[in-house]
Amino acid sequence: MNKWQILIVKEIRHLFRDTKTIVQTVVVPTFITPLLIGAIVWYLGSVAQEESEKIYDLGYRGDTINELYQELANSERFNLSEYDDETALSEAITNDEIDIGLSIIALDNFGQNQLNIYFKDLDTFSQAKSLLSDAIDDYEENLIDERLNSLNIDKEYLKPLLVNENDLTTDKEVAGTIIGALIAFLFIAYILQGSMYPAIELGAGEKERGTMETLISTNISSLEIIIGKMFAITGSAVITAIFSTLGFIVPLIIVYLYLGDNLPDTFFNIVAAIVNPVAILGIFALLVPLSIFMGALMLAISVYSKSPKEAGLLLGNVMIIFFAPAYLPLINPGLEIDLIGALIPCYSLALHTNALISENINWYLYLITFGSTILYSLIAIYITYIMFDDERVIFRS
C-alpha cells in the first residue's frame, strides 16, 4: 500500500472508533430521519383528519330570518352562538372564545348586502372559514337565481364566457417540484453533518493534540497527507450520503412494491417518480463530487483554525453558505435551472433533483453542474494543499 492509502485507513479507523461518527454517518440518516419524517407525516395527517371532523364555534350577529341563518344553525360542523352587537363578536374572536364570526349588516333581497367575517388566520388546517364561505356562496347563488327568475332572465345570459381550466401538471412534476428540493436539502444536511466532525477532528483536533506536527515531520509528503485526510473525510460524507439515500429510498420502495394497491393513484405516482432508478443514480452522481468539495473545503478551514472551537464556529458559517442556495427552491418551487444556476453548488443539486424526479432533466446543464463541481473540488483540494504546505498555518496557535 502507498503511504496515502495507509494514512486513509489509519484516519478512517480513528474516526469510526468514535461512536459519535457512527451515529452521525449511519444511524441518524438510516433510521432516525425516516422515523422522524414518518412521525411528521402521521402527525400532519392526524391533525388534518381531526380538523375534517371538528365542530367549530360560530358567532352570529344580525337578521335570523333568512335561509343563510337556518343553514348555519342546522349545520353539523358549526355550533352557533348569537351576539347582539359587532363589537362583542369581534372581541370574542380576539379572546379565542369562538373560532369564526359572521355579522350581517342588513339583508335586502333586491339590494346589495354587506357581510363581515371575523377570524384569525393562524391555524393552517382550520376549515372554519372555507365552510362558512361555502355556505355564503350557496346562499348568494340562491339569491341570484331568485332575482333572475323574478325578471325572467336566463342565468347564462349573465355569463357569456364559460371558462374551463385544465391543469396538465403531471404527478411526477408535482413530486419533483415539491419533494425534490426537500430531498436535496436533506442530502446536503447529511453530507455536511458527515463532513464537519471528521474535518474538525483530523484538522484542528490534531493541531490541538500536537499530533499534526508529528505527522508532518515524517517522510509523508504534504500531498499524501492531504489525500489521506481528505478521502477519509470525503469517505465519511459519502457513507452518510449512501445511508441517507438508503434510509429515504428503501421505505419508499417497500411502499411502492407491497402497499401500492392501497395508495391513492396520485400518491402512488409520486412514490413511483421518486424511486425511479435514473433519478436515484443521477442524484447520487452529483452527491459524490459535492461531498469531495465540501470535505476538502472543510478540511482547509479546520487546518487553518487554531482550535476545534474556532473550527466549529467557522464551519458553522460555511454550513449556512451551503444551506442558503439549497433553501431557495424550497420557498420558490417554480424555479428552473439555467446556465448560471448550474454553476452554483447546492442550488443546482436541488433543481436537478426536481428535474430528475419530474423526468424533464436537461442533461447539458446537468453535465455542466457535474463538471463545475469537480472543478470546485480541485480548487478546494489545492487550497488545502497550500494550508498544509505553509508552516505558519500548521503551527498557528
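Each remark here, short or long, concerns the structure printed above.
Keep in mind that this is a model prediction, so the values were computed, not measured. Within every chain, residues take consecutive numbers counted from 1 along the sequence as written. Where totals are concerned, whole chains, interfaces and linings use all residues; where local detail is concerned, this predicted model gives features only for residues with pLDDT of at least 70, and gives and counts side-chain atom pairs only at 80 or more. Only hydrogens and water are set aside when side-chain values are computed; all heavy atoms of the structure are taken into account.

Novice: So what's going on with the environment of I337? Residues and values would help.
Specialist: Tracing the backbone through its elements, the reader meets I337 in the loop between α12 (308-331) and α13 (339-342). Distance from I337 to I361, taken between C-alpha atoms, is 9.7 Å for residues 24 residues apart in sequence. Contact definition: two residues touch when any of their heavy atoms are within 4.5 Å. Excluding residues within four positions of it along the chain, I337 makes contact with A342, S348, L351, H352, L365 and T369. Counting from the N terminus, the helices are DSSP H or I runs at least four residues long and the strands are E runs at least two residues long.

Novice: So what's going on with the sheet that holds strand β1 (residues 56-61)? Residues and values would help.
Specialist: For two strands to be treated as a pair, DSSP must find no fewer than two bridges joining them. In spatial order, the strands read β2-β1-β3-β4; together these 4 strands make up an open sheet with mixed pairing. Edge positions in the sheet fall to β2 (78-82) and β4 (115-119), since each has one partner strand and no second. Averaged over all pairs of adjacent strands, the angle between strand axes in this sheet comes to 20°, irrespective of strand direction. Both strand β3 (residues 100-104) and β4 contribute to a ladder of 5 bridges, which runs antiparallel. Opposite I100, over in β4, you have F119 as the bridge partner. Fitting a line to C-alpha atoms yields each axis, with helices limited to the stretch in contact; the angle taken between N-to-C directions then spans 0 to 180 degrees. In the packing of helix α3 (residues 67-74) onto the sheet, contacts are made with β1, β2, β3 and β4, and the angle to β2 comes to roughly 125°.

Novice: So what about the nonpolar core? Which residues, and what values?
Specialist: Judged by nonpolar contacts, the single largest core of 62 residues is most densely connected at I188, I274 and M294. For our purposes a nonpolar core is just a set of buried Ala, Val, Leu, Ile, Met, Phe, Trp, Tyr and Cys residues, chained together by side-chain atoms within 4.5 Å. When a residue's accessible area, from a 1.4 Å probe over protein chains only, is under 20% of the maximum for its type it is buried; when over 50% it is exposed; and in between it is partly exposed. Of all hydrophobic cores here, the second largest spans 16 residues; its members include L58, Y60, L72 and F78.

Novice: Please give an account of the pattern of salt bridges that cites residues and values.
Specialist: By definition, a salt bridge exists where a carboxyl oxygen of Asp or Glu is found within 4 Å of a side-chain nitrogen of Lys or Arg. Taken as a whole and judged by the stated rule, the model has 2 salt bridges. The shortest N-O distance in the salt bridge between R61 and E86 comes to 4.0 Å. Within this pair, whereas R61 is found in strand β1, its partner E86 is found in helix α4 (residues 86-94), the two being separated by 25 residues in sequence. When its relative accessible area of 22% is taken as the criterion, R61 is described as partly exposed.

Novice: Can you explain the packing of aromatic side chains? Please cite residues and give values.
Specialist: Here a pair means two rings of Phe, Tyr or Trp (six-membered ring of Trp) with centres within 6.5 Å. Their orientation is stacked below 30 degrees between planes, edge-to-face above 60, and tilted elsewhere. Following the criterion strictly, the structure yields 6 aromatic pairs and no others. Judged by centre distance (5.2 Å) and plane angle (70°), the ring pair of W363 and Y366 falls under edge-to-face. Note that W363 and Y366 are positioned in helix α15 (residues 363-389) at a spacing of 3 residues, about one turn of the helix. Using a relative accessible area of 44% as the deciding quantity, one classes W363 as partly exposed.

Functional significance is not addressed by these values, which are geometric in nature.
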